[in-house]
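Here are the chains, one letter per residue:
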Amino acid sequence: YRQAPGHRSKHVSAVFPQTVNPNEETVPGIQHPGSTGVIYCSDRAQANGFSYDCSHEWSNLGQGAPEVGRIPDAPERPIKPEYDYSDAALEYAPTTGVKALREAVARLYNTTYRKSPEKASSQYTYENVCIVPGGRAGLSRIAAVIGDVYCSYQVPDYTAYDQMLSAFKRLVPVPTALEPEVWPFLTLIMDKLQKDIHSQGLSVIVLSNPRNPTGQVIQGKDLKELVDTARKSSVTVVLDEFYSWYIYHDHKGDIGKSISSAEYIDDVNKDPVIIIDGLTKNWRLPGWRVCWVVGPKNLITALSQSGSFLDGGACHPLQLAAIPLLNEEHVRKEKNALQMHFKHKRDHVLERLSSIEGLEIKIPPVATFYIWLNLEGLPYPINNGLTFFEALLKEKTIVIPGIFFDINPAHRRNLFNSPCHHFVRLSFGPPLQDLDKGMHVSFRSRVHVFIDFTVAHNRN
């Protein structure tokens, strides 16, 4: 991994032995930024025979996308979306997006999270919404308008933050490393954040919520405290809320409830909270690349400017096609079906994993569609995420090594003692039959082979 273009560590001591690769940088003035961990894993899978033509033969438990087909009780999939198609739809859309879609997003947030009387005086309008061509485009637009300030990020967190925080040189990335014993207790994250804000002079905080890869969520009083902290400390909080519908409730009456920091914002134009979400995960439409950023009006004007040179805006026809998908009744049906279906898949996978010797799930997921799987109970060498990943490729199964979630912009930090080494992220995003394919054959066969080998080796 470290020898792939753009991934060479700055720590070239014995910690990460290096081989000089004269072919790595051959175009004058050009440097490889490095791919995300998920892309690296896809490349390694292809090197082991994976292709989309034979994907049915593989179990992709590494994918960061939900299944996109029909699920029980959900509305029909928008295979052939219907919308008013005129010549105007062939033009560029505004860099902030089609006004009607922006209005629909604002209306959805108001009806879902801002119905209480105390929120009535401050409601989102289309001026608080910027449509972007995908979540990473939204993050890039935001990063491009962050000034010369300290920008905090969490460890572990979403792999794309690594490249985003590396590419935009004005901001200074500051890690907030969380020890494994802290990961389940999200109130401790708040305690550490508040200390770091004052001791390190932080101006911006970036984090996913619900949390990728741990499957946890900051909600209720803790989420309110985070929003209050942003307001009182004059710190901008950027919240990646792409998994806001993937909440697994214990009580049937709570099915359909989602989470968002929008519920705790007092003034939509003054509170320094930025929300990123879209059709990718919740509507299960990753290929549409229609997402949005919600925040104060003055943020949206800045994002319009950065979008004008970064991406030019989202697809005009698909923005029009997305408008009816944000209808309140359509959203209600999608949420209910999604939460019931993915909760069933989560419980099914957890039950399968619990029967495999040496695998421990210290932190059962309560949100997202990921399981943060601890490998420390397995024998050497597959108790390491990278080795475990390579071993499963031989069984046509893909997972994501935990080390990729130890965000390390520009490879400034030494990751030799990373707390993420002994973890992998498993996705229960794929269809159930694909999950069973990976759980039934790959894990059992490969884990038991290594256990038997290790026992025999130790005897000898």
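Each chain has its residues counted from 1, following the order in which its sequence is written. The predicted nature of this model means local features are confined to residues of pLDDT at least 70 and side-chain atom pairs, given and counted, to a pLDDT of 80 or more, with totals for whole chains, interfaces and linings taken over all residues. Just so you know, side-chain values use all the structure's heavy atoms and leave hydrogens and water out.

## Describing the overall build of the protein
The cut-off we apply is this: Only DSSP runs of H or I reaching four residues or more are called helices, and only runs of E reaching two or more are called strands; each is numbered from the N terminus. With a 1.4 Å probe rolled over the protein chains alone, any residue whose accessible area is under 20% of its type maximum counts as buried; one over 50% counts as exposed, and the rest are partly exposed. Residues are treated as being in contact if the distance between any of their heavy atoms lies within 4.5 Å. Only the protein chains shown count as cover for residues, and all accessible areas are computed by the Shrake-Rupley method using a 1.4 Å probe.
When its secondary structure is counted, the protein shows 11 helices and 12 strands. Buried residues in the protein amount to 53% of all 460 residues. Long-range contacts, defined here as pairs at least 24 residues apart, represent 76% of the contacts in the protein between residues at least 6 apart. Accessible area for the protein stands at about 20300 Å²; split by element, carbon and sulfur atoms hold 53% of it.

## Topic: the nonpolar core
Rules: Residues grouped as a nonpolar core are buried Ala, Val, Leu, Ile, Met, Phe, Trp, Tyr and Cys residues, joined through side-chain atoms within 4.5 Å.
Counting 123 residues, the largest nonpolar core has Val-105, Tyr-109, Tyr-124, Leu-279, Trp-283, Trp-292 and Leu-326 as the members making the most contacts within it. Ranked by residues supplied to this core, first place goes to helix H2 (residues 99-113) with 7 residues. Once residues lying within four places of it in the same chain are set aside, the contact partners of Tyr-109 are Arg-114, Tyr-124, Ser-260, Ala-262, Ile-275, Asp-277, Trp-292 and Val-294.

## Quick word on helix H10 (residues 385-393)
Put simply, the rule is: In protein, a polar contact requires one atom able to donate a hydrogen and another able to accept it; more generally it is a pair of N or O atoms within 3.5 Å, and residues adjacent in sequence count only if both atoms are side-chain atoms.
Among all positions in H10, only Gly-385, Phe-388, Phe-389, Ala-391, Leu-392 and Leu-393 are buried. The N-cap of H10, judged by a side-chain oxygen 2.9 Å from the amide nitrogen of Leu-386 a few residues on, is Asn-384.

## Some remarks on the confidence of the model for the protein
Note the following rule: Per-residue confidence from the prediction method is given by pLDDT, with values spanning 0 to 100.
On average, residues of the protein carry a pLDDT of 88, and 87% of them reach 70 or more. pLDDT under 50 marks residues 12-21. Its contacts with residues more than four places away, or in other chains, come to 14 contacts.

## What about the side chain of Gln-216?
Considering the arrangement of structural elements, one finds Gln-216 in the loop between strand S5 (204-208) and helix H6 (220-233). You can call Gln-216 buried: its relative accessible area is 7%.

## Examining unusual backbone geometry
With an omega of 25°, the peptide bond running from Asn-212 to Pro-213 counts as cis. Position of Pro-213 among the secondary structure elements: in the loop between S5 and H6. Between Tyr-380 and the following residue, Pro-381, the backbone shows a cis peptide bond with an omega angle of 10°. In this fold, Pro-381 is placed in the loop between strand S9 (370-374) and H10. The residue Lys-396 is not glycine, and still its phi comes out positive at about 60°. For Lys-396, the location among the structural elements is in the loop between H10 and strand S10 (397-398). On the accessibility criterion, Lys-396 (37% relative accessible area) is partly exposed.

## Observations regarding the sheet that holds strand S2 (residues 129-132)
For clarity, the cut-off: Two strands qualify as a pair provided that DSSP identifies no fewer than 2 bridges between them. Here an angle of 0 to 180 degrees is reported between the N-to-C directions of two axes, which are lines fitted to C-alpha atoms, with helices fitted over the stretch in contact.
Spatial ordering of the open sheet is given by S2-S8-S7-S6-S5-S3-S4, a layout of 7 strands whose pairing is mixed. The outermost strands of the open sheet, each flanked by one partner alone, are S2 and strand S4 (172-177). This sheet shows a mean twist of 20° between the axes of neighbouring strands, independent of strand direction. Note: strand S3 (residues 150-155) against S4, 6 bridges, orientation parallel. Considered in S4, the bridge of Tyr-153 is made with Pro-175. Sitting on the sheet, helix H4 (residues 160-167) touches S3, S4, S5 and strand S6 (236-240), and the angle it makes with S5 is about 155°.

## Some remarks on the pattern of salt bridges
How we decide: What counts as a salt bridge is simple: a side-chain nitrogen of Lys or Arg found within 4 Å of a carboxyl oxygen of Asp or Glu.
Across all of its chains, the model carries 22 salt bridges by this definition. Here Glu-67 and Lys-345 are joined by a salt bridge, their closest N and O atoms 2.7 Å apart. Placement of the pair is Glu-67 in the loop between strand S1 (59-60) and H2 and Lys-345 in helix H9 (residues 328-354), with a sequence separation of 278 residues. By relative accessible area, Lys-345 is classed as buried at 0%.

## Examining the sheet that holds strand S12 (residues 423-427)
In a beta sheet, neighbouring strands are held together by backbone hydrogen bonds and run either parallel or antiparallel to one another. Across the sheet, 3 strands lie side by side as S9-S12-S11; this open sheet has antiparallel pairing. Edge positions in the open sheet fall to S9 and strand S11 (400-401), since each of these has one partner strand only. Pairing between S9 and S12: 5 bridges, direction antiparallel. Within the sheet, the bridge partner assigned to Asn-374 lies in S12 and is Phe-423.

## Things to note about the packing of aromatic side chains
Under the convention used in this document: In summary, the pairing rule links any two rings of Phe, Tyr or Trp, Trp by its six-membered ring, whose centres are within 6.5 Å, and it sorts them by plane angle into stacked for under 30 degrees, edge-to-face for over 60 and tilted for everything else.
Counting across every chain of the model gives 18 aromatic pairs. Between Tyr-40 and Phe-404, the ring centres sit 5.6 Å apart and the planes meet at 55°, which makes this aromatic pair tilted. Placement of Tyr-40 in helix H1 (residues 37-47) and of Phe-404 in the loop between S11 and S12 is noted, with a sequence separation of 364 residues between them. Given a relative accessible area of 6%, Phe-404 falls into the buried group.

## Quick look at H1
As a reminder, the rule being used: Throughout, the arc means that of the directions going from the helix axis to the C-beta atoms.
Regarding H1, the residues found buried are Gly-37, Tyr-40, Cys-41 and Ala-45. On an axial view of H1, the arc spanned by its buried residues comes to 140°, and they lie on one face. The secondary structure elements touched by the buried residues of H1 are H10, S10 and S11. Immediately beyond the C-terminal end of H1, within one or two residues, lies Gly-49, with a positive phi of roughly 105°.

## Some remarks on the pairing of S6
Inclusion rule: Crossovers are marked right-handed if the path from the first strand over the helix to the second runs clockwise, as seen with the strands pointing away from the viewer.
Where burial is concerned, most of S6 is hidden: 4 out of the 5 residues are buried. Summarising the sheet, S5 and S6 pair through 5 bridges and their orientation is parallel. Bridging from a neighbouring strand, Leu-207 pairs with Leu-239 of S6. For the crossover that starts at S5, traverses H6 and ends in the parallel S6, the hand is right-handed. Inspection of the sheet shows S6 paired to strand S7 (residues 273-278) by 4 bridges, in the parallel sense. Among the inter-strand pairings, Val-237 is bridged to a residue of S7, identified as Val-273.

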